[in-house]
Amino acid sequence: MAAVTTGNGAPREEEGSGGESAAPQPQAPPNASGTRLSRLPLARVKALVKADPDVTLAGQEAIFILARAAELFVETIAKDAYCCAQQGKRKTLQRRDLDNAIEAVDEFAFLEGTLD
Amino acid sequence: MAERPEDLNLPNAVITRIIKEALPDGVNISKEARSAISRAASVFVLYATSCANNFAMKGKRKTLNASDVLSAMEEMEFQRFITPLKEALEAYRREQKGKKEASEQKKKDKDRKTDSEEQDKSRDEDNDEDEERLEEEEQNEEEEVDN
C-alpha cells in the first residue's frame with residue numbers, strides 16, 4: 001500500500017498515537033519491493049519543518065529526505081549509546097548512555113542542552 | 001497543543017521500532033532513553049531544517065528542496081548519511097513517478113467512464129423534471145382547497 005510508505009497522514013498518525021504504551025505496534029505491511037522508504041509519518045516531519053519561522057515552503061522530496069535522515073539519526077545515536085551500555089555490561093539502554101554518547105560524539109554536539 | 005517545536009514528537013512506536021532494529025536482539029531501552037532519543041530526533045529535524053533553509057536562501061529560493069537537505073547533512077557533519085539518503089531519494093522518485101503514471105491512467109479511465117455516465121444521466125434528469133412539475137401542480141390544488 002503506497003500510503004504506508006509515504007506516510008499518508010491519517011493511518012500513520014493513528015498508529016503512532018495508539019502506541020504511546022510500551023507495547024510495540026504490529027509492523028506495518030512492507031512495501032511491495034521489500035524496501036521500506038520511510039517509517040516516520042511525513043505529516044509529522046512536515047509539522048516540525050513548518051515550526052521554523054524562517055521556512056516558507058518545503059518540497060515533498062525535502063520532507064521525505066528529512067524523515068529518512070531522522071531515521072538514520074535515530075539508528076546512529078542508538079548504536080552509539082549502546083556502545084556505552086555494553087561497556088557497563090548492561091542490556092538495557094539508559095538515559096545516561098545517551099548523554100555519554102552526546103558528549104563523546106562531535107556530530108551530536110548540537111543536542112547538548114536540548115534534551116532536558 | 002505543542003508549546004515548543006521540540007514538543008512535536010515523532011510517534012513513539014515508530015521510534016522504538018527503529019531503535020530495536022538498530023540494536024542486537026535482547027537489548028532493551030528504558031522509557032527515559034527512548035523519549036530522549038525521540039526528542040533528539042525532533043531537534044535533529046529542526047536543526048537540519050534550519051541548515052537546509054540557509055542553503056535555500058543562498059540559492060534565492062523560497063522552497064526547500066532535496067539538495068538543500070543533503071547540503072545541510074554535510075554541514076552538520078553527517079556525511080555518512082548522504083549516500084543512503086541519495087539512494088532513498090532515487091527510490092522515492094521512482095515510486096512517485098510510478099504513482100503519478102498510475103493516477104493519470106486512472107484519471108483517463110474515469111474520464112471515459114463519466115462521459116458515458118453523463119449521457120445516461122441527462123436522460124434521467126428529463127424524467128425527474130417531469131415528476132417535479134406534477135408535484136407542484138398537486139400542491140397548488142391543495143392550497144386552493146384550503147383557501
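Residues numbered from 1 in each chain as written. Chains lettered and ligands numbered in written order. Predicted model: local features only at pLDDT ≥ 70, side-chain atom pairs only at ≥ 80, totals over all residues. Heavy atoms only, no water.

- Per an unreviewed UniProt entry, chain B goes by the name DNA polymerase epsilon subunit 3 and belongs to Erinaceus europaeus.

- Per an unreviewed UniProt entry, chain A goes by DNA polymerase epsilon subunit 4 and derives from Erinaceus europaeus.
- The record held by UniProt for chain A lists under Subcellular location (unreviewed entry) the comment "Nucleus".
- UniProt annotates chain A under Subunit (unreviewed entry) with the comment "Component of the DNA polymerase epsilon complex consisting of four subunits: the catalytic subunit POLE and the accessory subunits POLE2, POLE3 and POLE4. Interaction with POLE3 is a prerequisite for further binding with POLE and POLE2." (UniProt positions renumbered as here; feature names shortened; annotations may be inferred.)

**Considering the environment of Ser50 of chain B**
And then number 1: Secondary-structure assignment places Ser50 of chain B in helix H2 (residues 31-58).
And then number 2: For the pair formed by Ser50 of chain B and Ala72 of chain B, sequence separation is 22 residues and the distance between their alpha carbons is 8.4 Å. (Helix = DSSP H or I, 4+ residues; strand = E, 2+ residues; numbered from the N terminus.)

**Side note on the interface of chain B and chain A**
A common way to report how large an interface is uses the accessible area buried once the components associate.
And then number 1: Chain B puts 62 residues into the contact, and the matching count from chain A is 62 residues.
And then number 2: Of the roughly 5,700 Å² buried between chain B and chain A on both sides combined, carbon and sulfur atoms contribute 72%.
And then number 3: Ranking the residues of chain B by area buried against chain A places Arg17, Ile18 and Tyr92 of chain B at the top, with a combined share of 11%.
And then number 4: Taken together, the links from chain B to chain A amount to 3 salt bridges.
And then number 5: The partner of Arg93 of chain B in a salt bridge is Glu61 of chain A, with the nearest N and O atoms 2.7 Å apart.
And then number 6: Across the contact surface, chain B and chain A share 12 residue pairs in polar contact (both at pLDDT 80 or more).
And then number 7: Listed by contribution, the elements that provide at least two residues to the side of chain B that touches chain A are helix H1 (12-22), strand S1 (28-29), H2, strand S2 (63-64), helix H3 (66-75) and helix H4 (79-146) of chain B.
And then number 8: It is H2 of chain B that provides the largest number of residues to the side of chain B that touches chain A, a total of 18 residues.
And then number 9: Grouping the amino acids of the side of chain B that touches chain A by side-chain chemistry returns 39 nonpolar, 12 polar and 11 charged. (Contact = heavy atoms within 4.5 Å. Buried area = accessible area lost by both parts, 1.4 Å probe. Salt bridge = Lys/Arg side-chain N within 4 Å of Asp/Glu carboxyl O. Polar contact = N/O pair within 3.5 Å; in protein donor to acceptor, adjacent residues only side chain to side chain. Nonpolar A, V, L, I, M, F, W, Y, C, P; charged D, E, K, R; others polar.)

**What to know about the packing of aromatic side chains**
And then number 1: Applying the stated criterion across every chain, the model contains 12 aromatic pairs over all chains.
And then number 2: Ring geometry for Phe73 of chain A against Phe110 of chain A: centres 6.1 Å apart, planes inclined by 45°, an arrangement best described as tilted. One end of the pair, Phe73 of chain A, is in helix H4 (residues 60-87); the other, Phe110 of chain A, is in the segment after helix H5 (95-104), with 37 residues separating them in the sequence. Exposure class is identical for Phe73 of chain A and Phe110 of chain A. Each is buried.
And then number 3: Ring centres of Phe110 of chain A and Phe44 of chain B lie 6.2 Å apart, and the angle between their planes is 45°; on these two criteria the pair is classed as tilted. Separated into two different chains, Phe110 of chain A in the segment after H5 and Phe44 of chain B in helix H2 make up a pair that spans both.
And then number 4: What makes Phe44 of chain B buried here is its relative accessible area of 0%.
And then number 5: Through a chain of ring-to-ring contacts, three or more aromatic side chains come together here, namely Phe73, Phe108 and Phe110 of chain A together with Phe44, Tyr47, Phe78 and Phe81 of chain B. (Phe/Tyr/Trp six-rings, centres within 6.5 Å; stacked < 30°, edge-to-face > 60°. Buried < 20%, exposed > 50% of the residue type's maximum accessible area, 1.4 Å probe, protein only.)

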